[in-house]
Amino acid sequence: QLTMSLNSSTLVNEENSQGPKRNTECLESLELQTLSSFQDNPLEQLQLASQEVLEKAKKSGRSKCPRCSSSRMFYCYTCFVPVETVPTKEIPTVKLPLKIDIIKHPNEIDGKSTAVHAKLLAPDDVTIYKYPCIPEYEEKRHEIALIFPGPNSVSVKDIAFHLQKYTKKGFYGNDDDCSREPFLKQAKIEPKEEKNLNECISSNRSEGTRLKKIIFIDSTWNQTNKIITDERLQGLLQIELKTRKTCFWRHQKGKPDTYLSTIEAIYYFLVDYHQEILKENYKGQYDNLLFFFSFMYTLIKNAKCCAGKE
């Protein structure tokens, strides 16, 4: 699994169906168990913006999407915008170090996908495509990678090394000033010109090992085969996230707990990228990508607790 999300309205309706008395008992129970609840929450240590706006929206119920007027909870998963009860200015914005393309399977239910979280929270750096309408990536293979746990997948720390292979094969960017032909095929030139050319090629190769875009597939595990075998994705470097465990409430039965939801995969990749590639200390720069996810996780966990399921 690489993706899925929550239909928030279902959750709220389930809560309301318990009746006033049940809700009162539930709230009293939650107040007494607040500390232990947070201790059990693996997302509790995140450095998040205030979620008060989500608390208020939950209490007021579903609201209209400002674009399509559909009734939604928290955000519209088709227009990628917050609903009227969730002011955009109160939603955090995350700046990412690279661009992200999310390829969504056509059968993936919009309301159950966490991909929209990324678009809502990092709108300038995230693009969502519905398969089969996806870009051509071939000419940019030297700066793009795909998150997928395949047999040839590599770890985040090895990205630069493997992208360099594409550069050595001559996959230079379209904006290079140097000739794209391999150096050995260049006409004979003067030593001074040769030095400048070598510096230019070296610079391009160094630039070529920089990851500029990462692709995520948004679908259930059983649906990924149709997308991953698409010829437009062939030859791309594949990255696997092996050390993280999912907190997703819709985790697919029979699949390893290292199969993450889409927003978890994006978040954990960026944390690893920040540390392994950018070589910088991580100080919560991307934590707000889990702004909606962590809120829903706690909401569902508490609802299950009140229902006696845990």
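Residues numbered from 1 in each chain as written. Predicted model: local features only at pLDDT ≥ 70, side-chain atom pairs only at ≥ 80, totals over all residues. Heavy atoms only, no water.

1. A look at the packing of aromatic side chains
Following the criterion strictly, the structure yields seven aromatic pairs and no others. Aromatic side chains Tyr75 and Phe292 sit 5.2 Å apart centroid to centroid with 70 degrees between the ring planes, which places their arrangement in the edge-to-face category. Of this pair, Tyr75 sits in strand 3 (residues 75-76) while Phe292 sits in helix 10 (residues 291-306), and the two are 217 residues apart along the sequence. For the pair formed by Tyr75 and Phe292, the shared burial category is buried. By way of ring pairs, the aromatic residues Tyr75, Phe291 and Phe292 are connected into one cluster. Here the guanidinium or amino end of Arg72 rests over the ring plane of Tyr77, the centre of that ring lying 4.1 Å away. (Phe/Tyr/Trp six-rings, centres within 6.5 Å; stacked < 30°, edge-to-face > 60°. Helix = DSSP H or I, 4+ residues; strand = E, 2+ residues; numbered from the N terminus. Buried < 20%, exposed > 50% of the residue type's maximum accessible area, 1.4 Å probe, protein only. Lys NZ or Arg CZ within 6 Å of the ring centre and 35° of its normal.)

2. Let's talk about the nonpolar core
Counting 58 residues, the largest nonpolar core has Ile100, Phe269 and Leu289 as its most contacted members. With nine residues, helix 9 (residues 262-276) is the single largest residue contributor to this core. Aside from chain neighbours lying at most four places away, what touches Ile100 is Asp125, Val126, Thr127, Ile214, Phe216, Ile266 and Leu270. Counting residues in each nonpolar core, the second largest holds 13 residues, with Tyr131, Leu146, Ile215 and Ile227 among its members. (Core = buried A, V, L, I, M, F, W, Y, C linked by side-chain atoms within 4.5 Å. Contact = heavy atoms within 4.5 Å.)

3. Notes on the pairing of strand 5 (residues 99-104)
Two faces make up the sheet, and in a regular strand the side chains alternate between them. Of all six residues making up strand 5, five are buried, and the element is well covered by its neighbours. Bridge count for strand 5 against strand 6 (residues 126-130) is five bridges, and the pairing is parallel. Within strand 6, the position partnered with Ile103 by the bridge is Tyr129. In this region the chain leaves strand 5, passes through helix 5 (residues 115-121) and returns to the parallel neighbour strand 6; the handedness of that crossover is right-handed. (Pairing = 2+ DSSP bridges. Right-handed = clockwise from strand over helix to strand, strands pointing away.)

4. Examining the environment of Gly235
Structurally, Gly235 is set in the loop between helix 8 (224-228) and strand 9 (237-239). Judged by its relative accessible area of 34%, Gly235 is partly exposed. Distance from Gly235 to Arg141, taken between C-alpha atoms, is 7.6 Å for residues 94 residues apart in sequence. Beyond its immediate stretch of four places on either side in the chain, Gly235 contacts Arg141 and Tyr166.

5. A few points about empty space enclosed by the protein
Scanning the model with the defined rule gives two cavities of 30 Å³ or more in all. There is about 40 Å³ of room inside the second largest cavity. In terms of lining residues, the second largest cavity is bounded by Tyr77, Phe80, Lys104, Asp110, Ser113, Ala115, Val116 and Ile128. Residues that form the lining of the second largest cavity fall into these classes: five nonpolar, one polar and two charged. (1 Å grid on protein atoms, 1.4 Å probe; cavity = no way out; pocket = protein on both sides within 12 Å on 5 of 7 lines; lining within 4 Å. Points joined across faces, edges and corners; volume = space filled by probe spheres on them. Nonpolar A, V, L, I, M, F, W, Y, C, P; charged D, E, K, R; others polar.)

6. What to know about the side chain of His105
Counting through the fold element by element, His105 comes out in the loop between strand 5 and helix 5. Relative accessible area serves as the criterion here: at 5%, His105 is assigned to the buried category. Every residue in contact with His105, bar those within four places of it in the chain, is listed here: Asp218, Ser219, Gln223, Lys226 and Ile227.

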